[in-house]
Amino acid sequence: MTAPVAGAAEPGLPDVFDPRGYADGLPHAAYRLLRDRHPVAWQEEHEVLGWPAGPGFWAVTRHEDVVRVLKDARTFSSCLGATQIRDPDPADLPFIRRMMLNQDPPDHGRLRRAVSRAFTRGRVERFGAVVRERARALLAAALDTARGGDGVCDLVEAVTDDFALLNLADLLGVPAAERGLLLDWTRRVIGYQDPDEAAPDRAGQDGRPADPRSPAMLHDMFAFARELAAHKRRQPADDVMTTLATDTELAVAELEMFFFLLTIAGNDTVRSAAPGGLLALAGHPQAYRGLRTGVLGMPAAVEELLRWHPPVLSFRRTAAHDTELAGRAVRAGDKVVVFHGAANFDERAFAAPHRLDLARSPNPHVSFGDGPHVCLGAHLARLQLRVLYEETCRLVPALAVAGPPRRLVSNFIHGLKSLPLRLVDVAPA
């Protein structure tokens, strides 16, 4: 097979770029068609939701090819054009490359080791105890709300948003009075494609949306990071920001970008995965009963729920040199975008992928990526999800979907804005 002309998609191919295409969940029919017939397919990057058109990209949908792209950093670079589908402003690219996520080895490894030192075993163990108490308290309050009304509660509003946010704030050492800022920044950066989440007053001089990852848009977050780091140097505590602030190998700009990465990725990975897992359990009552009774084990269940609802939909790489991928000629400078949700439902890697199998083994999902950029906080995310599901099983006898969930309009994050679930049966008045 040969590559199509750059900027022109082949006739009849589904569009997996448009963020609005994810408002009803993963586009499984489109993914299946691409995996079966066009596993590396050229996608037009058209103007949408006020954002300008781009040059287009290769969409990678088969599990084997996704893993190859993620593992081969020499061929598929995170640094050349960063990791979002849309190209950043060229003037912003040097700034964006300060983030570990947007670097290639060996530079990436130095920063990864620096932040890894912040997650000591003792700190993680203490974090786990706090997480469990928080899960119990939030779920108990949600049950009280449900019992006091019609038996239904929005689990995103009542549990999962606060669960992810407060856990992250404790880990970082953000003062209680300032914790709302973390959610505000996360919504600004993650929800920029969603008309409900994007701030209408944040437009550029040309009237188009302003890039939420640009230096100008992150000025307040970085100023807060510097102030917090200075405070931790004066009054050190047992938290991640103290460790980073006192690391003499970290430049100020690197510290700022670590705070950005931990705040956004550390919050939204759990914030997106947790309600997605609960929605899956509510839609599969027999599986939920198996978890509650202990017939099914929680560690394997967490992995399957992550496969079923990957928190990240896509990541971009840039071809460092001419290469071939699934028979396509990829040229140096081409954008190559992997689609996690498509890979997680690839029949070539998973038996009966559309069956929720909480005992599935092996389960080589790519929900946390793969290769040198595999999610740094994956073990902490798994801990939080395991504890939340364990406490849900302990406190909530049955889950049922009480209304359609509202999903984030995004081609990047697989988020839920609301999740109405029936937690208890309430007798009619």
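Note that the coordinates shown come from a computational prediction; the quantities given were computed from them, not determined experimentally.

Calculation rules
Residues numbered from 1 in each chain as written. Predicted model: local features only at pLDDT ≥ 70, side-chain atom pairs only at ≥ 80, totals over all residues. Heavy atoms only, no water. Buried < 20%, exposed > 50% of the residue type's maximum accessible area, 1.4 Å probe, protein only. Helix = DSSP H or I, 4+ residues; strand = E, 2+ residues; numbered from the N terminus. Pairing = 2+ DSSP bridges. Salt bridge = Lys/Arg side-chain N within 4 Å of Asp/Glu carboxyl O. Core = buried A, V, L, I, M, F, W, Y, C linked by side-chain atoms within 4.5 Å. Contact = heavy atoms within 4.5 Å. Expected span 1.5 Å × (residues − 1). Axes fitted to C-alpha atoms, helices over the stretch in contact; angles between N-to-C directions.

Colleague: When you look at the pairing of strand 8 (residues 335-339) in this model, what are you seeing that I'm missing?
Modeller: A regular strand places its side chains on the two faces of the sheet in alternate fashion. Most of strand 8 is tucked away, with five of its five residues classed as buried. Neither face of strand 8 is left uncovered, since the one carrying Lys335, Val337 and Phe339 and the one carrying Val336 and Val338 both have all their residues buried. Here strand 2 (residues 57-60) runs beside strand 8; their pairing, made up of three bridges, is parallel. If you follow Trp58 over to strand 8, its bridge partner there is Val336. Pairing between strand 5 (residues 314-319) and strand 8: five bridges, direction antiparallel. When the bridges of strand 8 are listed, Thr318 appears paired with Lys335.

Colleague: Is there a simple way to think about the environment of Phe368 in this case?
Modeller: Along the chain, Phe368 falls in the loop between helix 13 (340-344) and helix 14 (378-395). Exposure remark for Phe368: the relative accessible area of 7% places this residue in the buried category. In the structure, Phe368 is positioned 206 residues away from Asp162 in sequence and 22 Å away in space, judged by C-alpha atoms.

Colleague: Can you walk me through the pattern of salt bridges in this structure?
Modeller: Inspection of the entire model under this criterion finds 37 salt bridges. Across the salt bridge formed by Glu45 and Arg86, the nearest N and O atoms sit 3.9 Å from each other. In this pair, Glu45 is assigned in the loop between strand 1 (40-43) and strand 2 and Arg86 in the loop between strand 3 (76-77) and helix 3 (93-96), connecting sequence segments 41 residues apart. In this pair, the class of Glu45 matches that of Arg86, namely buried. The partner of Glu254 in a salt bridge is Arg110, and the shortest N-O contact between them spans 2.3 Å. Taken together, the positions of Glu254 in helix 10 (residues 252-282) and Arg110 in helix 4 (residues 107-116) put the pair 144 residues apart, joining distant regions of the chain. A relative accessible area of 15% places Glu254 in the buried class. Note on Arg110: relative accessible area 33%, which makes it partly exposed. Connected via shared salt-bridge partners are Arg132, Glu133, Arg136, Arg386, Glu390, Glu391 and Arg394.

Colleague: Even after reading the chapter, I still don't get the nonpolar core, so can you show me in this structure?
Modeller: If you look at soluble globular proteins, the nonpolar side chains tend to sit buried side by side. Of all hydrophobic cores here, the largest spans 114 residues; its most connected members are Leu155, Leu244, Phe259, Leu399 and Leu423. Looking at which element gives the most residues to this core, the answer is helix 10, with 16 residues. Ignoring any residue separated from it by four or fewer positions in sequence, one finds Phe259 in contact with Leu172, Leu182, Trp185, Met221, Phe224, Ala225, Leu228 and Met241.

Colleague: Where do I start with helix 10 in this structure?
Modeller: The periodicity of an α-helix, 3.6 residues per turn, causes residues three or four positions apart to be oriented the same way. Over its 31 residues, helix 10 runs 45 Å from end to end, which matches the ideal 45 Å to within 8%, given 1.5 Å per residue. When you tally the buried positions in helix 10, you get 27 out of 31 residues, the bulk of the element.

Colleague: Looking at this structure, how should I read the sheet that holds strand 9 (residues 400-401)?
Modeller: In a beta sheet, neighbouring strands are held together by backbone hydrogen bonds and run either parallel or antiparallel to one another. Sheet architecture is open: three strands sit in the order 4-12-9, paired in antiparallel fashion. Looking at strand neighbours, the two that pair on one side only are strand 4 (152-154) and strand 9, the edges of this open sheet. Here strand 9 pairs with strand 12 (residues 420-422) via two bridges, running antiparallel. Bridging from a neighbouring strand, Val401 pairs with Leu421 of strand 12. Set on the sheet, helix 6 (residues 155-172) makes contact with strand 4 and strand 12; between it and strand 4 the angle comes to about 45 degrees.

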